[in-house]
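# Survey of secondary and tertiary structure
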Amino acid sequence: MKIHKNLSLKSLNTFGIEATAAIYAALESEKDIMDYLDKYGLKTDSTFILGGGSNVLFTRDFNGVVLHIKLKGIKIIDEDDDYVYVKAMAGEEWDDLVKYAVNKGYGGLENLSLIPGSVGAAPIQNIGAYGVEQKDHFFSLEAISIRDQQKKVFNKQDCHFRYRDSVFKNEQAKKYIITSVTYRLDKKPVINTEYGGIQEEFKRMNIKKPGIKDVSEAVRNIRNRKLPDPEKTGNAGSFFKNPVVTEEKYEKLIQRFPEIVSFKLNNDYYKLAAGWLIEHSDWKGKAIGHAAVHKNQALVLVNLGRAKGSEVVHLARMIRMSVEKKYGIELDYEVNIL
Ligand code: FAD
Ligand code: EPU
């Protein structure tokens, strides 16, 4: 366990924002977590659990305790004829778990290639990309309660996974430290190429009979083209969620804006492409101060180098106002703003 006072978090968040943690503790094992909680106790409202820092925006110094979860390890804990149950510790990089699965030929996570961040954070907002969400292959997770240090197992139904949402952003927000997540992966993978861009990418790659390695590579290629690399340009992926509207609202919108990009959901709702709404509110590529809207993907806000968190929030608020004024739609933040 490593503990620091007044530690800079700049290199620990992908936005590259300067902020200091009053207390920072790097925890490398369950024992570290238990020892820390035993010794210092914690108040949930002055604690921040940090993974890869790829979905967080610091707008001020953090006056409480930042617990950096660094538990490592990936192993198979069970298998049958069809499935393998892979348990990954929370501090593993998500993409390392994806590579592990793809290299062994276990299907399920390949569409989620190259998403930054840790395994422990994946269930929090139920990460998703290219037609798959982590919930589709989630089996269970283990967590420690900050309040009473009890260990708890959450099964899929306990987690209430929805689009970019789970119980850990609602009733159980900030109450648990996730220590490991187990995924049930397919030994006989069935690839999912429903997201249009993947098939186009196969054509570009000249792939006729794709397998999970090809899906993973196609997704990596698409993402590398569209999304800024946090190593070079600070960002946290999509800053806003794609808004979901009722059929009634959707019908009214397409009468006025026939080009609007949308996806019909299973129920009577429609998901709108927030990137399209932002682009057509004239924000793509625009900057205010040191914060900007990415030129290739309007849903992604970037740090031009010296942005403060408050500048990024200011830009986000201006975008929200424009989109609301033009389309009557309120965009919700995906990024956790502190
Ligand atoms: P952090 O930013 O460290 O934390 C995020 C939240 O999870 C915080 O509330 C934190 O307190 C909590 N948390 C973290 N670890 C734990 C733990 N062990 N226990 C309890 N709580 C914890 N997301 C997608 O869904 N799909 C994408 O396609 C996608 N693309 C992205 C592309 C880029 C370039 C970037 C920078 C981000 C992208 N994201 C995407 C967002 C991000 O990758 C995910 O939200 C990821 O799961 C965040 O992981 P993290 O470890 O960095 O979490
Ligand atoms: N679009 C525009 N202009 C833009 C951006 C997008 O018109 O500047 C339109 C295009 O028509 C495009 C459509 O929006 O076809 C969808 O764009 P894209 O495929 O890039 O996906 P997205 O809806 O913008 C979502 C996720 C991403 C995920 C991708 C791929 C959310 C909030 N974002 O983005 O996740 O990688 O789909 O599945 O759901 C993240 O959450 O951080 C993230 C990057």
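Located above this text is the structure these notes cover.
Let us look at the structure shown here.

What counts, and where the lines are drawn
Residues numbered from 1 in each chain as written. Chains lettered and ligands numbered in written order. Predicted model: local features only at pLDDT ≥ 70, side-chain atom pairs only at ≥ 80, totals over all residues. Heavy atoms only, no water. Pairing = 2+ DSSP bridges. Helix = DSSP H or I, 4+ residues; strand = E, 2+ residues; numbered from the N terminus. Axes fitted to C-alpha atoms, helices over the stretch in contact; angles between N-to-C directions. Contact = heavy atoms within 4.5 Å. Near = heavy atom within 4 Å. Polar contact = N/O pair within 3.5 Å; in protein donor to acceptor, adjacent residues only side chain to side chain. Areas by Shrake-Rupley, 256 points an atom, 1.4 Å probe, with all protein chains shown as cover. Nonpolar A, V, L, I, M, F, W, Y, C, P; charged D, E, K, R; others polar. Domains from an automatic or database assignment.

Strand order in the open sheet formed by five strands is β6-β7-β12-β10-β11, with antiparallel pairing between adjacent strands. A single partner strand is all that each edge strand has here, and the edge strands are β6 (74–79) and β11 (151–155). Taking each pair of neighbouring strands and ignoring which way they run, the sheet shows an average axis angle of 25 degrees. Here strand β7 (residues 83–89) runs beside strand β12 (residues 176–186); their pairing, made up of seven bridges, is antiparallel. By the bridge assignment, tyrosine 83 is partnered in β12 with aspartate 186. Its contacts with the sheet place helix α1 (residues 30–40) against β10 (138–145), β11 and β12, and it is angled at close to 35 degrees to β10. Taken strand by strand, helix α2 (residues 94–104) contacts β6, β7 and β12, and its axis lies near 50 degrees from that of β6.

This next bit is on the site of ligand 2. Taken together, 22 residues lie near ligand 2, and Tyr130, Tyr163, Tyr195, Glu279 and Gln297 sit nearest. One of the backbone nitrogen or oxygen atoms of serine 238 is found 2.8 Å away from an oxygen atom of ligand 2. The backbone of alanine 298 places a nitrogen or oxygen atom 2.8 Å from an oxygen atom of ligand 2. Protein chains bury 83% of the 810 Å² of accessible surface belonging to ligand 2 in isolation. Counting residues per element, the ones that place at least two in the shell around ligand 2 are α5 (212–226), β13 (234–238) and α7 (274–279). It is α7 that provides the largest number of residues to the shell around ligand 2, a total of three residues. Of the residues contributing to the shell around ligand 2, the split by class is 10 nonpolar, five polar and seven charged. Counting contributing residues per domain, the shell around ligand 2 is built from domain 2 (74–186) and domain 3 (234–337), each supplying no fewer than three.

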